[in-house]
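Single-letter residue listing:
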Amino acid sequence: MQPKRAEIRIVDNLTLSDDWYCLKKYTFDIQRRNGDWQRQSREVYDRGNGATILLYNRDRKTVILTRQFRFPVFINGHDGYLIETAAGLLDNMAPEKRIKAEVEEETGFRVSSVQKVFEAYMSPGSVTEKLYFYIAEYDAADKTGAGGGIAAEGEDIEVLEWPLASALAAIESGLIVDGKTIMLLYHIALKNIL
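Here the structure is a predicted model, which means the values were calculated and not measured.

> Go over the layout of surface pockets with me, naming the residues and quoting the values.
By volume, the largest pocket is sized at about 1500 Å³. Every residue lining the largest pocket is counted, 40 residues in all, and those nearest its centre are W20, R47, R70, P72 and E84. It is helix α2 (residues 95-107) that provides the largest number of residues to the lining of the largest pocket, a total of 4 residues. Taken together, the residues of the lining of the largest pocket sort by class into 17 nonpolar, 7 polar and 16 charged. Counting the residues that make up the lining of the largest pocket, at least three belong to each of domain 1 (8-46) and domain 2 (50-191). Size it by volume and the second largest pocket reaches roughly 310 Å³. Considering the residues around the second largest pocket, the lining is formed by I8, I10, Y26, F28, R42, V44, Y121, P124, G125, S126, V127 and T128. Listed by contribution, the elements that provide at least two residues to the lining of the second largest pocket are β1 (8-18), β2 (22-31) and β3 (37-46). Partitioning the lining of the second largest pocket into residue classes produces 8 nonpolar, 3 polar and 1 charged.

> So what's going on with the nonpolar core? Residues and values would help.
One broad trend across soluble globular proteins is that nonpolar side chains are buried collectively. If you look at the biggest cluster of nonpolar residues, it comprises 21 residues, and the most contacted ones within it are L54, V63, L65, W162, I176, L185 and I188. Going through the elements one at a time, β4 (50-57), β5 (62-69), β9 (130-137), β10 (158-163), α3 (164-173) and α4 (179-190) are the ones with two or more residues in this core. Sorting elements by how many residues they give to this core places α3 first, with 5 residues. Ignoring anything within four residues of it in the chain, the contact list for L65 reads L54, I83, E84, T85, E158, V159, L160, W162, A167, I176 and T181.

Reading guide: rules and limits
- Residues numbered from 1 in each chain as written.
- Predicted model: local features only at pLDDT ≥ 70, side-chain atom pairs only at ≥ 80, totals over all residues.
- Heavy atoms only, no water.
- 1 Å grid on protein atoms, 1.4 Å probe; cavity = no way out; pocket = protein on both sides within 12 Å on 5 of 7 lines; lining within 4 Å.
- Points joined across faces, edges and corners; volume = space filled by probe spheres on them.
- Helix = DSSP H or I, 4+ residues; strand = E, 2+ residues; numbered from the N terminus.
- Nonpolar A, V, L, I, M, F, W, Y, C, P; charged D, E, K, R; others polar.
- Domains from an automatic or database assignment.
- Core = buried A, V, L, I, M, F, W, Y, C linked by side-chain atoms within 4.5 Å.
- Buried < 20%, exposed > 50% of the residue type's maximum accessible area, 1.4 Å probe, protein only.
- Contact = heavy atoms within 4.5 Å.

Shown next as structure tokens:
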């Protein structure tokens, strides 16, 4: 099936916030499947694109995850500390280059080779961000530092090394609730990578 590009006429856009990232309200006309045009408006949050990576050790059947505080999930009833795959915004870098730097910064593991597995929009109803998903093997020799992120950027990241089976069980129990992490863990399980 060939993708179909939407017929859109942007009528107006208004910046609602340009603090941490940019929130705009767009008014636009869209041509419906029956040929009629309809006026709609949407608020769109643009924070740039990002990348995420799951490190795995084939011999030990383990994965590297992180735990850090996320304020938006806290105000939505969670305890705030999410278990996640390492991730970060691209900041005008190529996705592969950025994720190699990000994983070392967050986990302390330097990986030379990464495998891109897919791209996905994580919240397409309101956020422009597209994530690039990667996996990479690691071993003890790849550990170059403690990880933990950059304190000046508010990061205080705990590095976790878990058996894959424990990580999968944590999804089932509700301990892991981060979408990108669930996707990558299920990917390596589905593909029998470990």
